[in-house]
Amino acid sequence: MVPHLTTALTGPLKELESRILRAQPKIEHWFRSQWLKHDAPFYASVDLRNAGFKLAPVDTNLFPGGFNNLNQTFRPLAVQAATVAVEKICPEARGVLLIPENHTRNSFYLQNVAALHSILRQAGLNVRIGSLLPELEAPMQLELPDGQNLLLEPVQRRGNRLHLGDDFNPCTVLLNNDLSGGVPNVLQGIEQALLPPTYAGWATRRKTGHFAAYDGVADEFAQLISIDPWLINPYFSHVGGVDFQERAGEEALADKVSDLLARIRSKYQEYGIEQQPYVVVKADAGTYGMGVMTVKDPSEVVGLNRKQRNKMSVIKEGMEVHDVIVQEGVHTFETVNEAVAEPVVYMLDHFVIGGFYRVHTGRGADENLNAPGMHFVPLAFEKPCNAPECDEAPDCPPNRFYSYGVVARLALLAAARELETMAEEHGE
């Protein structure tokens, strides 16, 4: 199913998709050369927005939590990609310790853990799940709504290695926990391969750092296929020293919003776009759609009411927000069953393994869809998005999804460069 794109496919996006299809051999060769220079993150998911005149990533998650929403038909792609990813880290790997978030009641997230566990097991690995829950002292069995069971075991540290029980001493530890609350002592200084590295967690990683890296990637790619980089890249700015509860930094934030809206308005005029420009203000770290607001006028960030201040001031794990990214808002003019939708693309190593649509019946084309009330359409990618039919129309199923996969891989490459910079900063 290709979700309905409510804008006519005669504008810049159709030209963008057509150009991507025409340049497919050149693009794949360029990606191959990039992956020889940069190590891809173990896995990632990228949220895209398709405005009909622009196709761009708006968030990149290095601890993806929706493997259960992927099309089961393409599980072999995920298994093969997982095999390659593990071979790079530990060629002799037999056991993987999977450490999830500390959720025991979020059945949707736990089904993600079960799906990831299954992918790794089918890749020939002995996978066990180790929990960081401080109150967990003995193995705990969890029954999932679909009838599956998960066994959570308390993580034990002996010297500089993590173990489960007396019989599991894996060579690789895979985090599916974004470390928003910081890096626990049990994970610090371990000698096993740790994927992703702890500095990839939100305790240290910043969205502005990622999109700074993406600027460079987008410029290189745009030059490669001769397009305006703005068509695949959202403008952004950073604002520090913000305290929403104390109303500190409001004027500086309003100034950044004003500047960014002016830049977007100029581009809209250049391309004859009639939609109203907007920006998204969100915490510079964190996930789950927390600390996010849509802004169409600078005055909207001054004098926030108590509800708005409470929403923006604290994110996951109770972390206070003092730094924000002001990002160009990209409309999503795709709909599934008349509800607004945005594609999410999943990757293991540097391979696209599928995706799904995040759908929200109560949100508009210029609003954040990662919010309570969202649901997922897991069968969006009916054909693998790494195999375009270059002689067909840009908007037929494999071709649109190929374009999604290309832009998602650009964000993945930016994440690879971002992590390299962070590794240098952390002396690794």
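Reading the values: the criteria
Residues numbered from 1 in each chain as written. Predicted model: local features only at pLDDT ≥ 70, side-chain atom pairs only at ≥ 80, totals over all residues. Heavy atoms only, no water. Pairing = 2+ DSSP bridges. Helix = DSSP H or I, 4+ residues; strand = E, 2+ residues; numbered from the N terminus. Axes fitted to C-alpha atoms, helices over the stretch in contact; angles between N-to-C directions. Buried < 20%, exposed > 50% of the residue type's maximum accessible area, 1.4 Å probe, protein only. Polar contact = N/O pair within 3.5 Å; in protein donor to acceptor, adjacent residues only side chain to side chain. Contact = heavy atoms within 4.5 Å. Left-handed = near helix turned anticlockwise from the far one by under 90°. Nonpolar A, V, L, I, M, F, W, Y, C, P; charged D, E, K, R; others polar. Core = buried A, V, L, I, M, F, W, Y, C linked by side-chain atoms within 4.5 Å.

(A) Region of the structure containing the sheet that holds strand E5 (residues 126-131). Taking strand neighbours across the sheet as the criterion, the 6 strands line up as E6-E7-E5-E4-E10-E11 in an open arrangement whose pairing is mixed. Both outer strands of the open sheet, strand E6 (140-143) and strand E11 (193-195), are each paired with one neighbouring strand and no more. Geometrically, the sheet is characterised by an average inter-axis angle of 30 degrees between neighbouring strands, direction not taken into account. As paired strands, strand E4 (residues 95-100) and E5 are joined by 4 bridges and run parallel to one another.

(B) Expanded view of the side chain of Gln192. Turning to its location among the elements, Gln192 is positioned in the loop between strand E10 (172-176) and E11. Since its relative accessible area comes to 5%, Gln192 is described here as buried. A polar contact of 2.7 Å, which involves the side chain of Gln192, links it to the backbone nitrogen of Leu162. Discounting residues that sit within four places of it in the chain, Gln192 has contacts with Asn160, Arg161, Leu162, Asn169, Pro170, Cys171 and Val173.

(C) Summary view of the packing of helix H2 (residues 24-37) against helix H5 (residues 207-225). In the contact formed by H2 and H5, the axes pass within 11 Å of each other and the chain directions differ by 145 degrees. Considering only the axes of H2 and H5, their crossing is right-handed. Together, Lys26, Ile27, Trp30 and Gln34 of H2 and Val217, Glu220, Phe221, Leu224 and Ile225 of H5 make up the contact between the two elements. For the contact of H2 with H5, the residue count by class is 6 nonpolar, 1 polar and 2 charged.

(D) Local environment of the nonpolar core. Ile27, Ile99, Tyr214, Ile232, Leu253, Val257 and Val281 are the most contacted members of the largest nonpolar core, which totals 98 residues. Sort the elements by how many residues they give to this core and helix H8 (residues 397-425) lands first, with 16 residues. Filtering out sequence-adjacent residues up to four positions away, Tyr214 remains in contact with Pro57, Ile232, Asn233, Pro234, Val407, Leu410, Ala411 and Ala414.

(E) Representation of the sheet that holds strand E15 (residues 324-328) in the model. Judged by pairing direction, the sheet is antiparallel, and its 4 strands sit side by side in the order E12-E15-E13-E14 without closing on themselves. Single-partner strands in this sheet number two, and they are strand E12 (236-239) and strand E14 (292-295). Strand-to-strand twist in this sheet, taken as the mean axis angle between neighbours without regard to direction, amounts to 20 degrees. Where E12 and E15 come together, 4 bridges link them in antiparallel fashion.

(F) The arrangement of the side chain of Glu342 in detail. The residue Glu342 is located in strand E17 (residues 339-348) in this model. A distance of 2.9 Å separates the side chain of Glu342 from the side chain of Arg49, its partner in a polar contact. A polar side-chain atom of Glu342 sits 2.6 Å from a polar atom in the side chain of Arg358. What Glu342 contacts, discounting residues up to four positions off in sequence, is Asp47, Leu48, Arg49, Thr332, Phe356, Tyr357, Arg358 and Leu369.

Bear in mind that shape data such as this cannot, by itself, settle questions of function.
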